[in-house]
Amino acid sequence: MKHRGRGVACGWYGIARTAAMDRAAVWVELDDGGTVKIATGVTEIGEGILTGLCQIAAQEMGVRPEDIVLGDNDTARVPEAAHAGATRMTYMIGNAVAIGCREAFGKFRDAMGAYWGVAPGSIHAFAGDVWVEGSPTKRMSMGHAVHVLKKERGIVIVGSGLFTSQHTPLHPETGEATPWQSYVFGAQVAEVEVDDDTGEVQVLGVWAAHDVGRVVNPQQVEGQIEGGVVMAVGHALMEDYIQHAGQTTTPGFAKYILPTALDVPQVTSVLIDEPDPKTPLGVKGIGEPAITPTAPAIINAIYDAVGVRITQLPATPERVMSALQEKRVREAAPIDATRVTAQEEIPMGPP
Amino acid sequence: MLTFDQYLTPATLAQAFDALEGLPGARIVAGATDLLPWARDGRAGDVHLSALVDVSKLPELQGVGLADVAPGRIRMGAATPIAAFQHHPLLQQQAPVLGRCAVWFADDQIREQATVGGNLVNASPAGDSQPALLAMNTHVTLARREKGRILERTLPLSEFIVGPGQTLRQPLEIMTRLELDALPGHGAAFEKVGHRRSLVISTVCLAALARLDPTRRRIEDVRIAIGAVGPVPERLDDVEDFLTGQAATGARLREAAELAVERVRSRSRQAYRREVLVNFIERALVAALAQAGLEIQRVPKESGHV
Amino acid sequence: MSEPVSGCQAPVDGRHPMTEISATVNGRKVTRSVPNHYRLIDFVREELKLTGNKEGCGAGECGTCSMFVDGKLVKSCLTPVQKIQGATVETVDDLDRDQGMTVLQRAFHKCGASQCGYCIPGMVMAATSTLRRNPAAGLDEIKEGLGGNICRCTGYQKILDAVQLARDVLNGSRPESALDEDAGTSFIGHSTRRLDAPGKVTGAIKYAADLWMANMLHLQVLRSPHPHARIVRIDASKARRLPGVECVLTCDDVPGVDNFGVFIEDQPIMARGVVRYVGEAVAAVAAETVDIARAAVKLIEIHYEVLPGLFDPEEAMRPGAVQLHAHAADNICKHTRIRKGDVDAALAAADLVVEETYRTAPIEHAYLEPEAGLAYVEADGCVAVHSPSQNITHHRHMLAKILGRPINKVRMIMSTVGGGFGGKEDMIYQGMLALAAIKTRRPVRYVFTREESFIASAKRHPFTIRYTMGLQRDGRITATRMVMVSDGGAYAMSTPGVMNKSAILGPGPYAVPNVWVDAIGVYTNNTPSGAMRAFGAFQSEFATEAHLDLCAQRLGMDPVALRMVNLMRDGATTHTRQQLDRVLAVDCLQAAVAAAGWDAGVPHRQGLGQAPRSDLGGTGTRAPCTLGARLAPMAAAEPAAATVPAK
């Protein structure tokens, strides 16, 4: 028979390096044709940072994302932006890019202001067009503007940016610290179906709400949530790297089981996008926060469905069946008022 | 990693025997989908063979059709890919349990490459095709060459597999074809459980076929075969006998299913397999009988049996 | 399977017989001579340099190698090259036939289906096959068509969206303009299509294993078969003499200070005097071909003296256990403490105390791209290492020290990463590559097998968490105690950071006045544990959220309500005494619950005789998977008789 249930879990996560100062630096150049060259320590690992940074730069520089060229992450060629992890990329490097672009764009405005004889603040740019507020004639393409500044004024527009996040180390005895400036909160609900013929658990739906700060690219944030949820489904139900006396019995994907397209829930993502007030862009992150509530939500949903609490991951079919069998045996035994096990304490009831 | 001195693709059965006889240690290969994953770190490691003899294109091993001299039987070449279980019109109509088995067998790609003969000759205890083929009263034909003449022998699949990875095939024999029942009117079901829903090794697998008598109250014919719970796949002949000719009720199905508990002789997870096996037998029979025209309710589960 | 006939041996010199293969690949006739053991994936990637197709596992389990042979989609890592003799092969590299991208590839681009991209060529092939076979395939059939392809990044949802979009555009039910970029008035906040997606869906983008340089050598590594052993003697003389071998490296070849590590630099680039886990690198060979390098590795003779191993962190901490690292008494790598208030007093005063123990398993990152790299020495003597490292800044520091060079004579370039998740933060092979490039003065390439990646690279820390929570009747948590012990494995890797993060975040986003957390990471002779997505917080927060559900059950409370009582609000003080400003924890919970719909009640209410919950099975859930979307419905027997009751 199949049984359905639901579980809920909350989560929180700190953004960028833990209890240590974090930093990222960027160089920006407004380049021929109205393109923009950006050098920073980033390589795409799949989270979408490449596109996200190009969107940020495009917005700040008044060009389009496809006009941005992002240099390879190469210690001999770009300024350091530290590591690709800790859900820090959009927060650290996104902010650094914004700062670097603002410096460069500020110089652009100053130069164009001098060229056009207008206040720098009246100059705007978007998607490759540059114009002066309120003027029908003072407009040109970004490409032309770059050309004019270089040829006629000898100006190459460059900027740099540094973003630092202030974190303090842990006190060795109490753990007292400010380990991060920014936190991402979250909550997920999971709905499962448990098959008591086999112990199989299918996760049918997950609803995930995360406070991700300002959203640069909604599709990418959803993609991170969906990927994190499915990775957690694997952790919750099927993944186990097994060693006996140091020898691995799961050295490949035949024995180490990952979720396939047939194992994944429908995922509904809710992006709570209140900007983070402490940083120029207001962005936070999502890569790791997405993965923490799912597994307990699933485990709690299994309890809701069939009344067994799995306390050891993964909740394989064997573990679920074994727990169901124990439950049946326990419930079939005559009631003994003196025998109260951990699972059977009489519920306290609501206040 | 798999390495070898030679890889031969004979065009005729005679050339295949030339190769096997001429190269001691030569191994027959069809789809290679079991061989290549086996020769890797964590399993057999680096394996070197004198030769691989690829039989997958031999004309004698091809084709799916009705067996001309045996009415009600289907003939299938040993090199038939598992994908044919799902796609071949004759098998869809006459042996639908095979399609139900195929959807649980690895994935789309591997089904195009893996052959039914290879699956049987490798005789993995967790092989998914074996229960379905056993339930269809499959016979396998093996060809050999004696004094220049190609001879054949045919034996039931139930006798062919004798242990984990062990069959009655002699080293210089080549499986050429199978013959199995055409059962268009039977209800059919295939059950399998692993740790996920695709490309997964079976912990328990089972095929069931059933036909009702004209009154639609009694079971006229029932076949149940199991895999992955012991060293070899098996027909549950005692369970079949218990049910044949009997009224089909939930209680009877449960009693029949519990007869099979002793069949679990795996090296691990026996308690789990026993419980699932009983549930699978019940569930598969209910599904097969429903297709055959009779809806049955399963009895509730409280009666523990393990 | 039976053993091979004795006397039949692989060529000791690594030179295998060649075989000539003629086939039509992507519309072009090719004839090549390749080692006879090549599989189709080797032919396509190594010989034809069509690197769009990947070898994610070599065992037919991941689908990244999928391609068409005579119109049928197969896994090319399971296809001996001889099988394509005279056949027609179609790979991802030319799928679009120079038209740009196919509709399906454009749909992948539009839907955000490509993240790291490593699985994507194989996915594109599987989706192409599915729609070729049935242009009207529904979602279930599409899922089955992709069931042999693993993705670790996307969770599949956008891949499935893309295939359905392509299907609809191809059959005309949606216009082609649905594939275009959406219009927008701002770039921030816009679902801009990924700029790297075209390179990924066509297989054009190069990952580390796709890189080639002229005159390149190939590296293979000898790895320890023992979890704990002293290295008595290494004799590499036979290996060095093998024709085609350019160098054999051991720890003796390391010129500088030989240790690396994310927090504690306790790991040599090749084992020094002792091996501490199965899979630890002991020696490395650079040779003209991978086959020769592998053969040479087999010729290296190592005499080990096996030592007692520790495989359980609790045992490893006991007095008298063998000490695995000189710097770690009791084998404790890191012990993080959080102490706030008085937990004992609070527990004594609590209305309810709930105890339970939770366990999480070691987890493999399973990025579809196995580790790989290419190293070379530039004209000015700078050694460059091109690899998917997640921290090239730190790696450069360590490598400079290990190679005994100025830091600006070491260059680390981060290649496009086919999935990281923290598993590519440790410098477990770049040192050997750099050293081999320096010694041979030629470029050197190294590609891990999947099995190597499994046993040699970091795993997520398994945790055992002993949880005690004190609550009042109204649901307020008054005390949380978490005692967490984790198997850190043979080397520190990210253990110190993981213990910190697991402790800081462990008690959850709740206002708890009394908190006691111990997070203890212990050295053992298991595969080292290291960074993995959520870095200790996955494990500790799992325990907290499961425990809260147990508490809700005991209190007879709805688990959402219990959390509402305890969640932090604006201005809350964390467990490390940081004062927060804005806290959106309640907003998130309310949003998740609103999106799902939630019928409040105690967990498993039906077990208490209450009516079952009413929020199940709505939109936002999928139907349970029952395989067989493509099977014709069984020919019905004549209409059924009545339903027979159970007895």
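Residues numbered from 1 in each chain as written. Chains lettered and ligands numbered in written order. Predicted model: local features only at pLDDT ≥ 70, side-chain atom pairs only at ≥ 80, totals over all residues. Heavy atoms only, no water.

Before going further, it helps to examine the overall build of chain B. Scanning chain B from terminus to terminus reveals 12 helices and 14 strands. By the compact-globule yardstick of 19 Å for 306 residues, chain B fits well, its C-alpha radius of gyration being 20 Å. Its C-alpha atoms put chain B at 60 × 45 × 30 Å along the principal axes. Sorting the 306 residues of chain B into buried and exposed places 63% on the buried side. (Helix = DSSP H or I, 4+ residues; strand = E, 2+ residues; numbered from the N terminus. Rg over C-alpha atoms; globule rule 2.2 N^0.38 Å. Buried < 20%, exposed > 50% of the residue type's maximum accessible area, 1.4 Å probe, protein only.)

A few words now on the overall build of chain A. On a plain count of helices and strands, chain A comes out with six helices and 13 strands. Here the C-alpha radius of gyration of chain A, 27 Å, is well above what a compact globule of 351 residues would show, namely 20 Å. Going through the 351 residues of chain A one by one, you find that 66% of them count as buried. Sequence-distant contacts, at least 24 apart, represent 72% of the contacts inside chain A between residues at least 6 apart. By element, 54% of the accessible surface of chain A is carried by carbon and sulfur atoms, the whole surface being about 11300 Å². Chain A carries 27 positive and 42 negative side-chain charges, and their two centres are separated by 6 Å. (Contact = heavy atoms within 4.5 Å. Areas by Shrake-Rupley, 256 points an atom, 1.4 Å probe, with all protein chains shown as cover. Lys, Arg positive; Asp, Glu negative; His and termini not counted. Charge placed at Lys NZ, Arg CZ, Asp CG, Glu CD.)

Frequently, the measure chosen for interface size is the accessible area that the parts lose on association. Contacts between the two partners involve 63 residues from chain C, matched on the other side by 65 residues from chain B. Buried area between chain C and chain B, summed over both chains or domains, comes out near 5100 Å², and the portion from carbon and sulfur atoms is 57%. Our count for the chain C to chain B interface comes out at eight salt bridges. Aspartate 107 of chain B is the partner of lysine 75 of chain C in a salt bridge, and the nearest nitrogen-oxygen pair spans 2.5 Å. Scanning the region where chain C abuts chain B turns up 20 residue pairs in polar contact (both at pLDDT 80 or more). (Buried area = accessible area lost by both parts, 1.4 Å probe. Salt bridge = Lys/Arg side-chain N within 4 Å of Asp/Glu carboxyl O. Polar contact = N/O pair within 3.5 Å; in protein donor to acceptor, adjacent residues only side chain to side chain.)

Bringing the domain arrangement of chain B into the picture now. Residue and element names in this part refer to chain B. What the domain assignment lists for chain B is domain 1 (2-54), domain 2 (59-181) and domain 3 (187-292). The gap between the C-alpha centroids of domain 2 and domain 3 is 21 Å. On the domain 3 side, the residues contacting the 23 residues of domain 2 number 28 residues. Carbon and sulfur atoms supply 67% of the area buried between domain 2 and domain 3, which totals about 2000 Å² over both sides. Among the residues domain 2 hides against domain 3, the three largest losses belong to Trp104, Pro131 and Ala135. Together they make up 32% of the total. Linking domain 2 to domain 3 there are two salt bridges. A salt bridge links lysine 192 to aspartate 128, with the nearest nitrogen and oxygen atoms 2.5 Å apart. For the interface between domain 2 and domain 3, the tally reads nine residue pairs in polar contact (both at pLDDT 80 or more). With five residues, helix 8 (residues 129-135) is the largest single contributor of residues to the side of domain 2 that touches domain 3. (Domains from an automatic or database assignment.)

This next bit is on helix 2 (residues 89-116) of chain A. Over its 28 residues, helix 2 of chain A extends 38 Å from the first C-alpha to the last, a length consistent with the 40 Å expected when each residue adds 1.5 Å. Positive backbone phi, approximately 70°, marks glycine 117 of chain A, located one or two places after helix 2 of chain A. (Expected span 1.5 Å × (residues − 1).)

Attention now moves to the pattern of salt bridges. The tally for this structure, following the rule as stated, stands at 98 salt bridges over all chains. Its salt-bridge partner being arginine 102 of chain A, residue glutamate 60 of chain A comes within 2.9 Å of it at the nearest N-O pair. Of this pair, glutamate 60 of chain A sits in helix 1 (residues 49-61) while arginine 102 of chain A sits in helix 2; the two residues are 42 residues apart in sequence, bridging distant segments of the chain. With relative accessibility at 16%, the residue glutamate 60 of chain A sits in the buried group. The residue glutamate 282 of chain B makes a salt bridge to arginine 254 of chain B at a minimum N-O spacing of 2.7 Å. Of this pair, glutamate 282 of chain B sits in helix 12 (residues 270-292) while arginine 254 of chain B is found in helix 11 (residues 250-258), placing the two residues 28 residues apart along the sequence.

Counting residues at the interface gives 146 residues for chain C, matched by 145 residues for chain A. Summed over both partners, the interface of chain C with chain A buries about 12200 Å², with 59% contributed by carbon and sulfur atoms. At the junction of chain C with chain A, the criterion picks out 11 salt bridges. Glutamate 239 of chain A is paired through a salt bridge with arginine 152 of chain C; the nearest N and O atoms lie 2.8 Å apart. One can count 71 residue pairs in polar contact (both at pLDDT 80 or more) joining chain C with chain A. Among the elements that line the side of chain C that touches chain A, the one with the most residues is helix 15 (residues 537-555) of chain C, at 11 residues. The residue inventory of the side of chain C that touches chain A, partitioned by class, reads 66 nonpolar, 41 polar and 39 charged. (Nonpolar A, V, L, I, M, F, W, Y, C, P; charged D, E, K, R; others polar.)

Aromatic rings in a pair are described by how distant their centres are and how their planes are angled relative to each other. Across all of its chains, the model carries 19 aromatic pairs over all chains by this definition. Ring geometry for tryptophan 180 of chain A against tyrosine 183 of chain A: centres 5.5 Å apart, planes inclined by 90°, an arrangement best described as edge-to-face. Seen from their ring centres, tyrosine 277 of chain C and tyrosine 491 of chain C are 6.1 Å apart, and the 75° between their planes marks the pair as edge-to-face. One end of the pair, tyrosine 277 of chain C, is in the loop between strand 9 (274-275) and strand 10 (281-287); the other, tyrosine 491 of chain C, is in the loop between strand 20 (477-489) and helix 14 (495-505), with 214 residues separating them in the sequence. Look at tyrosine 277 of chain C and you get buried, because its relative accessible area is 2%. Its relative accessible area of 0% is what places tyrosine 491 of chain C among the buried residues. (Phe/Tyr/Trp six-rings, centres within 6.5 Å; stacked < 30°, edge-to-face > 60°.)

Moving on, we come to the packing of helix 2 (residues 103-111) of chain C against helix 5 (residues 157-170) of chain C. Residues and elements named next belong to chain C. Orientation of helix 2 relative to helix 5, taken along the N-to-C sense of each, is 135°, at an axis distance of 8 Å. Looking at the two axes, helix 2 sits oblique to helix 5. Crossing geometry of helix 2 relative to helix 5 is assigned as right-handed. For the pair helix 2 and helix 5, the contacting residues are Val103, Leu104, Ala107, Phe108, Lys110 and Cys111 in the first and Lys158, Ile159, Asp161, Ala162, Val163, Leu165, Ala166, Val169 and Leu170 in the second. Its residues assigned to classes, the contact of helix 2 with helix 5 shows 12 nonpolar, no polar and three charged. (Axes fitted to C-alpha atoms, helices over the stretch in contact; angles between N-to-C directions. Parallel < 35°, antiparallel > 145°, perpendicular 65-115°, else oblique. Left-handed = near helix turned anticlockwise from the far one by under 90°.)

Okay, the sheet that holds strand 2 (residues 27-29) of chain B next. Residues and elements named next belong to chain B. Read from one edge to the other, the open sheet built from three strands follows the order 1-3-2, with strand pairing classed as parallel. With partners counted over all chains shown, the strands left at the sheet margins are strand 1 (2-8) and strand 2, one partner each. On average, each strand axis in the sheet is tilted by 40° relative to the strand beside it, whichever way the strands run. With three bridges connecting them, strand 2 and strand 3 (residues 47-54) associate as parallel partners. (Pairing = 2+ DSSP bridges.)

All names here are of chain C. Where helix 15 meets helix 16 (residues 559-566), the closest approach of the two axes is 9 Å, and the angle between their N-to-C directions is 110°. On the basis of the axis angle, helix 15 is roughly perpendicular to helix 16. Contacts between helix 15 and helix 16 involve Glu545, Leu548, Asp549, Cys551, Ala552 and Leu555 from the first element and Pro559, Leu562 and Arg563 from the second. Here the contact of helix 15 with helix 16 is built from residues that sort into six nonpolar, no polar and three charged.

Residues and elements named next belong to chain A. Taken as a whole, chain A is organised into domain 1 (2-15 + 181-335) and domain 2 (22-164). Computed from C-alpha coordinates alone, the two centres of domain 1 and domain 2 are separated by 39 Å. Listed per partner, the contact involves 20 residues of domain 1 and 19 residues of domain 2. Considering only the surface of domain 1 that becomes buried against domain 2, Val216, Pro280 and Leu281 emerge as the three largest contributors, covering 36% of it. For the pair domain 1 and domain 2, the interface holds zero salt bridges. Remark: the boundary between domain 1 and domain 2 carries six residue pairs in polar contact (both at pLDDT 80 or more). Elements supplying a minimum of two residues to the side of domain 1 that touches domain 2: strand 1 (2-14) and helix 4 (218-237). Its residues assigned to classes, the side of domain 1 that touches domain 2 comprises eight nonpolar, 10 polar and two charged.

Turning our eyes to something else, we now look at the confidence of the model for chain A. The predicted model of chain A has a mean per-residue pLDDT of 94, with 95% of residues at 70 or higher. The low-confidence segment residues 339-351 of chain A, where pLDDT is below 50, has 30 contacts with residues more than four positions distant or belonging to other chains. (pLDDT = per-residue confidence, 0-100.)

Next up on the list: the state of the cysteines. Residues and elements named next belong to chain C. Scanning the model with the defined rule gives zero disulfides over all chains in all. As a non-bridged cysteine, cysteine 57 has cysteine 62 as the owner of its nearest cysteine sulfur, 3.8 Å distant. Accessibility expressed as a relative area gives 4% for cysteine 57, which makes it buried. With no disulfide of its own, cysteine 111 lies closest to cysteine 151 among cysteine sulfurs, the gap being 14 Å. (Disulfide = S-S within 2.5 Å.)

The next point concerns the nonpolar core. Residues Leu237 and Ile302 of chain A, Leu98 and Ile224 of chain B together with Ile84 and Phe108 of chain C are the most contacted members of the largest nonpolar core, which totals 300 residues. The greatest single-element share of this core, amounting to 12 residues, is contributed by helix 12 of chain B. Non-local contacts of leucine 98 of chain B, meaning those with residues more than four positions away in its chain, are made with Met76, Phe85, Leu91, Ala132, Leu133 and Leu180 of chain B. Counting 93 residues, the second-largest nonpolar core is a separate cluster that includes Tyr91 and Ile93 of chain A together with Phe187 and Val383 of chain C. (Core = buried A, V, L, I, M, F, W, Y, C linked by side-chain atoms within 4.5 Å.)

Further remarks concern the side chain of asparagine 514 of chain C. Residue and element names in this part refer to chain C. Note that asparagine 514 resides in strand 21 (residues 514-523). Judged by relative accessible area, which is 14%, asparagine 514 ranks as buried. Looking at asparagine 514, its side chain comes within polar contact range of the main-chain oxygen of threonine 478, at 2.9 Å. Beyond its immediate stretch of four places on either side in the chain, asparagine 514 contacts Lys340, Gly341, Asp342, Val343, Ala346, Thr478, Ala479 and Thr480.

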